[in-house]
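# Observations on the three-dimensional arrangement
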Amino acid sequence: MRILGLLLMLTVAPGAHADAERYLQLSMHMVKVLAANADGRINTGTGVQLDERTLVTNCHVVGVAHHVIVARGSTGMPATARVADRRHDLCVMNTPVAAGRPAEIGSSSALKVGDTVYAMGFSGGKSLSMSEGRVTALHDMDGARVIETDASFQQGASGGALFDGEGRMVGVLTFFIPGLKRHFAVPADWLAEALAASGEMPLPLAIGAAPFWAAADADKPYFLRAIQHENDGDWGRLQAVAKEWVDAEPNNRAAIEAAVRASHLPAPH
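Now for a look at the structure at hand. Note that the coordinates shown come from a computational prediction; the quantities given were computed from them, not determined experimentally. (Residues numbered from 1 in each chain as written. Predicted model: local features only at pLDDT ≥ 70, side-chain atom pairs only at ≥ 80, totals over all residues. Heavy atoms only, no water.)

Before going further, it helps to examine the overall build of the chain. Looking only at helices and strands, one finds six helices and twelve strands in the chain. Its C-alpha atoms give the chain a radius of gyration of 20 Å, near enough to 18 Å, the size a compact globule of 269 residues would have. In the chain, which comprises 269 residues, the proportion classed as buried is 45%. Long-range pairs, those at least 24 residues apart, make up 60% of the contacts in the chain between residues at least 6 apart in sequence. When the accessible surface of the chain is split by element, carbon and sulfur atoms take 56% of a total near 13,500 Å². In the chain, 23 positive and 28 negative side-chain charges are present, and the distance between their average locations comes to 6 Å. (Helix = DSSP H or I, 4+ residues; strand = E, 2+ residues; numbered from the N terminus. Rg over C-alpha atoms; globule rule 2.2 N^0.38 Å. Buried < 20%, exposed > 50% of the residue type's maximum accessible area, 1.4 Å probe, protein only. Contact = heavy atoms within 4.5 Å. Areas by Shrake-Rupley, 256 points an atom, 1.4 Å probe, with all protein chains shown as cover. Lys, Arg positive; Asp, Glu negative; His and termini not counted. Charge placed at Lys NZ, Arg CZ, Asp CG, Glu CD.)

Okay, structure coming up:
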């Protein structure tokens, strides 16, 4: 038994060591975001350091905050808003100094379905966690691709990072479908315009339109409408949106696949 135990340790240890090393490397880019509302309530999220004085988080984390603190370990500092891209749910924040190590920014265009990715954030608002998974789908939108993955995360991880196998941040953790292994990161490609801007915006941010994933059904992108109707078992609406999607984007493979799935479902009543 002692020999078997030793063999098991030798078999498992290298993988565990690699995971621990990866966690330590990626965790250097992460910060906790504490957003204080007017009534004193604290909304907890995650941020990713982008350069010496800039980080990114989700706008739904800091949108109504009167004060924002970013923390790493026992050290915290105030953050101010630079750019709020509410449609894409990306808020770029300024800090006096770097709270974490700047992450290398990658691109969703370099990904393919099946690639290994790592989701990192303060899931549950507590300790920093890392989840390994795969890219399960890539959804074309606004010149980039929203990344769907089975690398799980929870509330509190919003604004965290989705890293590729080379440690590049390819997406920002943003939303998930409760009860299903369908988690979504908005593409890091969308940060280019925000990072080119300068200045400062007052907090709280002006209330704007809802992000694309929380918009009214008619304002959601086709892929989310199709996912929603399929998960709800609303076959009639799925068939209708699949047809509309194919008519609007006849060369979109995802649209065609949605139409094929819809065609095999019961006819709407």
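A separate point is the pairing of strand S5 (residues 75-85). Residues in a regular strand project their side chains so that they alternate between the two faces of the sheet. Alignment of strand S4 (residues 67-72) against S5, held across five bridges, turns out to be antiparallel. Bridge pairing links Arg72 to Thr75 in S5. Sheet analysis places S5 next to strand S6 (residues 90-94), joined by five bridges and oriented antiparallel. Bridge pairing in S6 links Ala84 to Cys91. Hairpin connection, S5 to S6: the antiparallel pair is bridged by four residues, and Asp89 has positive phi, about 60°. (Pairing = 2+ DSSP bridges.)

A few words now on the environment of Ala38. Topologically, Ala38 is positioned in the loop between strand S1 (30-36) and strand S2 (42-51). Sequence separation of Ala38 and Arg22 is 16 residues, and the distance between their C-alpha atoms is 38 Å.

Our next topic: the sheet that holds strand S8 (residues 129-141). Whenever strands of a sheet pair, they do so through backbone hydrogen bonds, lying parallel or antiparallel. With antiparallel pairing, six strands are arranged side by side around a closed barrel as S7-S8-S9-S12-S11-S10. Mean inter-strand twist for the sheet, computed between neighbouring axes without regard to direction, equals 40°. Set on the sheet, helix H4 (residues 222-232) makes contact with S8, strand S9 (144-149), strand S11 (169-177) and strand S12 (182-187); between it and S12 the angle comes to about 175°. (Axes fitted to C-alpha atoms, helices over the stretch in contact; angles between N-to-C directions.)

Moving on to the environment of Arg22. With respect to the helices, strands and loops of the structure, Arg22 is situated in helix H1 (residues 2-27). Overall, Arg22 belongs to the partly exposed group, its relative accessible area being 24%. Residues Arg22 and Met130, 108 residues apart in the sequence, show an inter-C-alpha distance of 9.3 Å. Aside from chain neighbours lying at most four places away, what touches Arg22 is Tyr118, Met130 and Gly165.

A few words now on the side chain of His139. With respect to the helices and strands, the residue His139 is situated in strand S8. A polar contact is formed between the side chain of His139 and the side chain of Glu148, at a distance of 2.8 Å. Contact partners of His139, with chain neighbours within four places excluded, come to Ala144, Arg145, Val146, Glu148, Phe184, Phe223 and Ile227. (Polar contact = N/O pair within 3.5 Å; in protein donor to acceptor, adjacent residues only side chain to side chain.)

As summarised here, the arrangement of the six strands in space is S1-S2-S3-S6-S5-S4, forming a closed barrel in which the pairing is antiparallel. On average, each strand axis in the sheet is inclined to that of its neighbour by 40°, with strand direction left out of account.

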